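Here are the chains, one letter per residue:
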Amino acid sequence: MLNTMKKILALGSVLSIVALMGAGCAATNYSAQPTSQQTPQTSTQSEAAQVVISGFAFSPASLTVKAGTTVKWTNDDQAPHSIVSSDGQFTGSSVLSTGGTYQFKFDKPGTYTYSCGIHPSMHGQVVVQ
C-alpha cells in the first residue's frame, strides 16, 4: 500500500509539472504576423568586408569592394602582425596580437596595396570600385 501511495504521489507531481509547462507554452505568442512594435530592419551603415590573417598570409590576398566599404582585418595567427599601406594611401594599424582587429573605411576608388610591417613578405591589396 505504501508503494502504491508513493507511485500515485510521483505521478501527480509529474502531471503537475507537465500542466505548468503546458500553461507556459500556451501563453507564448508564436504568431508569424508582425505586431505594431515590429518594424523592418534597415541599415544605414556602409558595407563591411573581412580579411583574415592566418598562416602568415592575408586571406583573401586581393579584395574588391565598393567605395564606402569598411575593411576589417583579424589576426588569427599566433604571431603578431600589422597592416602597412605600401605607398601611404591609407592609415595602417598598430601591432595586432592574436585576435586583434583593425578597420579602415575605403571611400575613394583605387587599388590600395599593403603588407605586414613585421613580416614584409606578406602582401595584400584592396581594390575599391
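The structure we're discussing is the one just above.
Predicted model only: the values in this text are computed from it and were never measured. (Residues numbered from 1 in each chain as written. Predicted model: local features only at pLDDT ≥ 70, side-chain atom pairs only at ≥ 80, totals over all residues. Heavy atoms only, no water.)

Asks: How would you explain the sheet that holds strand β4 (residues 69–75) if you had to name every residue and give the values?
Replies: The sheet built from 4 strands is open, its strands ordered β2-β1-β4-β6 with mixed pairing. Either end of the sheet is taken by a strand with one partner, and the two such strands are β2 (58–59) and β6 (101–106). Pairing analysis gives 2 bridges linking strand β1 (residues 48–53) to β2, with the strands arranged antiparallel. Bridge pairing in β2 places isoleucine 53 opposite phenylalanine 58. (Pairing = 2+ DSSP bridges. Helix = DSSP H or I, 4+ residues; strand = E, 2+ residues; numbered from the N terminus.)

Asks: I'd like a rundown of the sheet that holds strand β5 (residues 84–85), residues and numbers included.
Replies: Spatially, β3-β8-β7-β5 is the arrangement adopted by the 4 strands of the open sheet, whose pairing is mixed. Looking at strand neighbours, the two that pair on one side only are β3 (62–65) and β5, the edges of this open sheet. Sheet topology places strand β7 (residues 110–115) next to strand β8 (residues 123–128); 6 bridges connect them, and they run antiparallel. Bridging from a neighbouring strand, serine 115 pairs with histidine 123 of β8.

Asks: For the nonpolar core, give the residues involved together with the corresponding values.
Replies: Among the nonpolar cores identified, the biggest contains 19 residues, and Phe58, Val71, Trp73, Ile83, Phe106, Tyr114 and Val126 are the most heavily contacted of them. Elements with a contribution of two residues or more to this core: β1, β3, β4, β6, β7 and β8. Once you skip the residues sitting within four places of it in the chain, isoleucine 83 turns out to touch Ile53, Phe58, Trp73, Phe90, Gly92, Ser93, Tyr102, Tyr114 and Ser115. (Core = buried A, V, L, I, M, F, W, Y, C linked by side-chain atoms within 4.5 Å. Buried < 20%, exposed > 50% of the residue type's maximum accessible area, 1.4 Å probe, protein only. Contact = heavy atoms within 4.5 Å.)

Asks: So what's going on with the side chain of serine 82? Which residues, and what values?
Replies: Checked against the element boundaries, serine 82 lands in the loop between β4 and β5. Overall, the relative accessible area of 6% leaves serine 82 in the buried class. Among the polar contacts listed, one links the side chain of serine 82 to the backbone nitrogen of glycine 117, at a separation of 3.0 Å. Filtering out sequence-adjacent residues up to four positions away, serine 82 remains in contact with Phe58, Ser93, Ser94, Val95, Ser115, Cys116, Gly117 and Ile118. (Polar contact = N/O pair within 3.5 Å; in protein donor to acceptor, adjacent residues only side chain to side chain.)

Asks: How would you explain the pairing of β1 if you had to name every residue and give the values?
Replies: Side chains of β1 alternate between two faces, with Ala49, Val51 and Ile53 buried and Ala48, Gln50 and Val52 left unburied. Relative to β4, β1 runs parallel, the two sharing 6 bridges. Directly across from isoleucine 53, in β4, lies its bridge partner asparagine 75. Turn length for the β1-β2 hairpin, with the two strands adjacent in sequence and antiparallel, is 4 residues, and the turn residue glycine 55 shows positive phi of about 65 degrees.

Asks: Could you give me a rundown of the packing of aromatic side chains, with the residues and numbers involved?
Replies: With the rule as written, the count across this model stands at 11 aromatic pairs. A centroid spacing of 6.2 Å and a plane angle of 5 degrees characterise the contact between tryptophan 73 and phenylalanine 90, whose relative ring orientation is stacked. Of this pair, tryptophan 73 sits in strand β4 while phenylalanine 90 sits in the loop between β5 and β6, placing them 17 residues apart in sequence. The same class applies to tryptophan 73 as to phenylalanine 90, namely buried. Seen in terms of ring centroids, phenylalanine 90 and phenylalanine 106 are 5.2 Å apart; in terms of plane orientation they differ by 65 degrees. Their pairing is edge-to-face. With phenylalanine 90 in the loop between β5 and β6 and phenylalanine 106 in strand β6, this residue pair connects regions lying 16 residues apart in the sequence. Side by side, phenylalanine 90 and phenylalanine 106 carry an identical accessibility label, which is buried. Here the aromatic residues Phe58, Trp73, Phe90, Tyr102, Phe104, Phe106, Tyr112 and Tyr114 are joined through ring pairs into a cluster of three or more. (Phe/Tyr/Trp six-rings, centres within 6.5 Å; stacked < 30°, edge-to-face > 60°.)

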